[in-house]
Amino acid sequence: MSGSPQEILVPTADQGVSVKAHKVARTGNGTQRVIGLLNNSKPNVNYFLEAIDAELASRFPDYKIVNFVKPRSAGPCLELDDIAEQCDFAINAVADCGSCTAWSVHDSIELEKRGVATIIVVTDVFEELSKEVAGSMGAANIRMATIAHPLGELTEHEVKARAKKNADRIIATLMAPAITDRSNLAAPAGPLPPLGSAEAVNDYFYAKRWTDGLPIVPPTAELISRFLATVATPADTIVGIIPPMMGRATVEKIAVNAAMAGCRPEYLPVVIAAVKAICHPDFNLLPIQATTNPVTPLMIVNGPIVEQLQLNSGYNVLGQGWRSNATIGRALRLVLVNIGGGVPGRMDKACHGQPGKFSMCIAENAKASPWEPLHVEKGFAADQSTVSVFGVTGTQDIVHYARTNAEEVLRTVIHSAPREGYKNLYSGGGPLIIFGPEQASILGKANLSKKDVKRIVFEGSKIPIDIFNAETVTLMKGRRQKYFAEMKDAREVAIADSAGDIEILVAGGAGNHSVFLPSWGDTRCVTVPI
């Protein structure tokens, strides 16, 4: 950091990853060429690739065609090494939503790096996102074929007709030499123009799409120096790489965004810990940043730091009124926007979003809990301060009218869990239940442990699998292979892959309410020390 004390600092970061899609001559397959078809398990992709398979077979009778299935469309492809070992070419289909597009681009780039000429098939609605993600990773030249959106709602005949219509272009682009002499990595941010007033700073930052739409605190060099004084870590230390733009989240850049959010300097260690947590592979941040789902990180703070920073764990815990909760949660969102590139409509493709995307940070009401706190359950000492992050898609109030015993409390929770259209049913994951102190007390007096509560909710929330159509069941079985493998001939589906995947904590004030928070299925809770 340099310049005058009143210099305004830039909240964005340089990208941390640079790759170039390229084609490498291969010799491992002898004289026979091999084309791999990578099915990312989105609805109707099997029909699309069946038609492409037939087109390839008629045009290249001497080529071998091998099919691969990626069960988890919104996660990394575990078959990349197998594809690279067997194939000269690959067709990766079909990117037709935000999260699967981000990962499909990533998978295609990784295959190109391994020497496999790869084309990604993307629907036109997500073409811009594909280009943004590919460009941010230094692979603007990635092979891409755009088809009309949507695909999942079509009949088998319509899907195959669309594949046949686009086959010439897909195959020609796949077989053409790769372009390797250009990249659209963004240049490092230059100095800001003179900005005299706070209003001018806000107008400029808003025009640059560096805010969440609310006014920000101008991040002057003098202010950021006070933030940096609260941590021993050097300012240029990289805490994590934030996708999809793969920006370097340094301590200084995190501090700039925390200051903009209105944080006090002493809040910075909590924000840094949250950034570490969302960058953990189990959180699966890449698709969360790009998905059409309304998922957002929920931060839960535990330990002595809760009282030190006066974080709210009681009345209105998920609402307004506490500077620490509001600004720490907002700081994480600004990091996701400015360092990760999660700008709505560009990288962030959430259909509707949710208010929690402005800020979502709470503390656990450990004093009111009959159970061990969340961070102790995760293996940390009671006197250690931690941050946990959950990828949640919203909040659902549960009213416990005239529910005065444990059986009635849990029955209400079970009956309140959403049914069809609920992401955890399709993809597993770990939904969160926040019990109010009164309901937690009832459960504790009944000598029910957290493990008991999780088991009862897991078993009680199962619903018949035959309420879903055949295509949805196929999708669920592909995405939730562990669950269906363990349940054998499952006739019912639960809200999580196991009882242990359900998360429980206590927060809020007195009253007859609890809260159910569905999670985005392809993410897991991550807890890190502060």
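Residues numbered from 1 in each chain as written. Predicted model: local features only at pLDDT ≥ 70, side-chain atom pairs only at ≥ 80, totals over all residues. Heavy atoms only, no water.

Asks: Break down the overall build of the protein for me, with residues and values.
Replies: If you tally the helices and strands in the protein, you get 19 helices and 17 strands. A globule of 530 residues ought to have a C-alpha radius of gyration of about 24 Å, and the protein, at 25 Å, matches this closely. Seen through its C-alpha atoms, the protein measures out along the principal axes to roughly 70 × 65 × 35 Å. With 530 residues in all, the protein has 57% of them scored as buried. (Helix = DSSP H or I, 4+ residues; strand = E, 2+ residues; numbered from the N terminus. Rg over C-alpha atoms; globule rule 2.2 N^0.38 Å. Buried < 20%, exposed > 50% of the residue type's maximum accessible area, 1.4 Å probe, protein only.)

Asks: So what about the pairing of strand β3 (residues 89–95)? Which residues, and what values?
Replies: Across the seven residues of β3, seven count as buried, placing the element largely inside the fold. In this structure, strand β1 (residues 34–39) lies alongside β3, joined through five bridges in parallel fashion. Paired with L37 across the bridge in β3 is I91. Relative to strand β4 (residues 117–123), β3 is paired through five bridges, and the arrangement is parallel. Bridge pairing in β4 places F89 opposite A117. (Pairing = 2+ DSSP bridges.)

Asks: I'd like a description of the sheet that holds strand β16 (residues 513–517), backed by residues and values.
Replies: Taken in spatial order, the four strands line up as β11-β16-β12-β15 in an open sheet, and their pairing is mixed. Each of the sheet's edge strands pairs with one partner strand only, and the pair in question is β11 (396–399) and β15 (503–506). Strand-to-strand twist across the sheet, computed as the mean angle between neighbouring axes with direction ignored, equals 20°. Where strand β12 (residues 432–435) and β16 come together, three bridges link them in antiparallel fashion. Following the sheet pairing, L432 is matched in β16 by L517. Across the sheet, helix α14 (residues 406–416) lies against β11 and β12, angled at about 145° from β11, the strand it touches most. The strands touched by helix α17 (residues 450–460) within the sheet are β12 and β15, with β15 carrying the most contacts at an inclination of about 125°. (Axes fitted to C-alpha atoms, helices over the stretch in contact; angles between N-to-C directions. Contact = heavy atoms within 4.5 Å.)

Asks: Outline helix α6 (residues 198–207), supporting the account with residue identities and numerical values.
Replies: Burial in α6 covers these residues: V201, N202 and F205. Here the buried residues of α6 occupy an arc of 95° about the axis, which is enough to place them on one side. Those residues of α6 that are exposed and angled more than 90 degrees off the buried face are E199 and A207. Turning to α6, the residues buried within the fold contact α8 (251–260). One or two positions beyond α6, positive phi appears at R209, with a value near 65°. (Arc of directions from axis to C-beta.)

Asks: With reference to specific residues and values, describe the packing of helix α3 (residues 98–113) against helix α4 (residues 127–136).
Replies: One can describe the packing of α3 onto α4 by two numbers: an axis separation of 9 Å at closest approach and a directional angle of 45°. Comparing the axis directions of α3 and α4 gives the class oblique. Crossing geometry of α3 relative to α4 is assigned as right-handed. Facing α3, whose interface residues are G98, T101, A102, V105 and I109, α4 presents L129, S130, V133 and A134. (Parallel < 35°, antiparallel > 145°, perpendicular 65-115°, else oblique. Left-handed = near helix turned anticlockwise from the far one by under 90°.)

Asks: Before we move on, can you summarise helix α9 (residues 268–278) with the specific residues and values?
Replies: Most of α9 is tucked away: nine of the 11 residues are buried. Among the residues of α9, L268, V270, V271, I272, A273, A274, V275, A277 and I278 are the ones counted as buried.

Asks: Can you lay out the packing of helix α1 (residues 45–59) against helix α5 (residues 156–175) for me, pointing to particular residues and giving the numbers?
Replies: In contact at an axis separation of 8 Å, α1 and α5 are set at 45° when each is read in the N-to-C sense. Taken together, the axis directions place α1 and α5 in an arrangement best described as oblique. Along this stretch, α1 crosses α5, giving a crossing that reads as right-handed. Across the interface between the two elements, Y47, F48, E50, A51, I52, E55, L56 and R59 from α1 touch E156, V159, K160, R162, A163, K164, A167, D168, I170 and I171 from α5. Here the contact of α1 with α5 is composed, by residue class, of 10 nonpolar, no polar and eight charged. (Nonpolar A, V, L, I, M, F, W, Y, C, P; charged D, E, K, R; others polar.)

Asks: A description of the state of the cysteines should follow, citing residues and the corresponding values.
Replies: Working definition: the covalent bond between the sulfur atoms of two cysteines is a disulfide. This model, assessed by the stated rule, comprises zero disulfides. Among the cysteines around C87, which has no disulfide bond, C77 carries the closest sulfur, lying 11 Å off. Looking at the unpaired C100, the closest cysteine sulfur is the one in C97, lying at 3.0 Å. (Disulfide = S-S within 2.5 Å.)

Asks: An account of unusual backbone geometry is needed here, citing residue identities and associated values.
Replies: Across the junction of A93 and V94, the peptide omega takes the value -10°, indicating a cis bond. Across the junction of H149 and P150, the peptide omega takes the value 5°, indicating a cis bond. Mapped onto the fold, P150 is located in the loop between β5 (143–147) and α5. One non-glycine residue, S41, lies in the positive phi region at around 70°. As for its position among the elements, S41 is in the loop between β1 and α1. Phi at Q310 takes a positive value of approximately 55°, unusual for a residue other than glycine.

Asks: Lay out the packing of aromatic side chains with the relevant residues and their values.
Replies: Taken as a whole, this structure holds nine aromatic pairs when the rule is applied. Taking the centre distance of 4.9 Å and the plane angle of 40° together, the rings of F60 and Y63 count as tilted. The partly exposed category is assigned to Y63, whose relative accessible area is 25%. Taking the centre distance of 6.5 Å and the plane angle of 20° together, the rings of Y63 and F89 count as stacked. Of this pair, Y63 sits in the loop between α1 and β2 (64–69) while F89 sits in strand β3, placing them 26 residues apart in sequence. Overall, F89 belongs to the buried group, its relative accessible area being 5%. (Phe/Tyr/Trp six-rings, centres within 6.5 Å; stacked < 30°, edge-to-face > 60°.)

Asks: Can you explain the pattern of salt bridges? Please cite residues and give values.
Replies: For side chains bearing opposite charge, pairing can occur when the charged atoms are close. The tally for this structure, following the rule as stated, stands at 28 salt bridges. Taking the shortest distance from any N to any O, the salt bridge between K462 and E459 comes out at 3.1 Å. A relative accessible area of 17% means that K462 is categorised as buried. When its relative accessible area of 44% is taken as the criterion, E459 is described as partly exposed. One salt-bridge network, held together by shared partners, links D81, E110, K113 and R114. (Salt bridge = Lys/Arg side-chain N within 4 Å of Asp/Glu carboxyl O.)

Asks: Which residues make up the nonpolar core, and what values go with them?
Replies: Membership of the largest hydrophobic core comes to 63 residues, with the highest contact counts inside it found for I242, M299 and I328. Among the elements that make up this core, the one with the highest residue count is α9 (nine residues). Among residues more than four places away in sequence, those in contact with I328 are C263, Y267, V270, V271, M299, L309, L311, R323 and C361. F435, V453, I463 and I504 belong to the second-largest nonpolar core, a separate cluster that totals 35 residues. (Core = buried A, V, L, I, M, F, W, Y, C linked by side-chain atoms within 4.5 Å.)

Without other data, these values stay purely geometric and don't point to any function.
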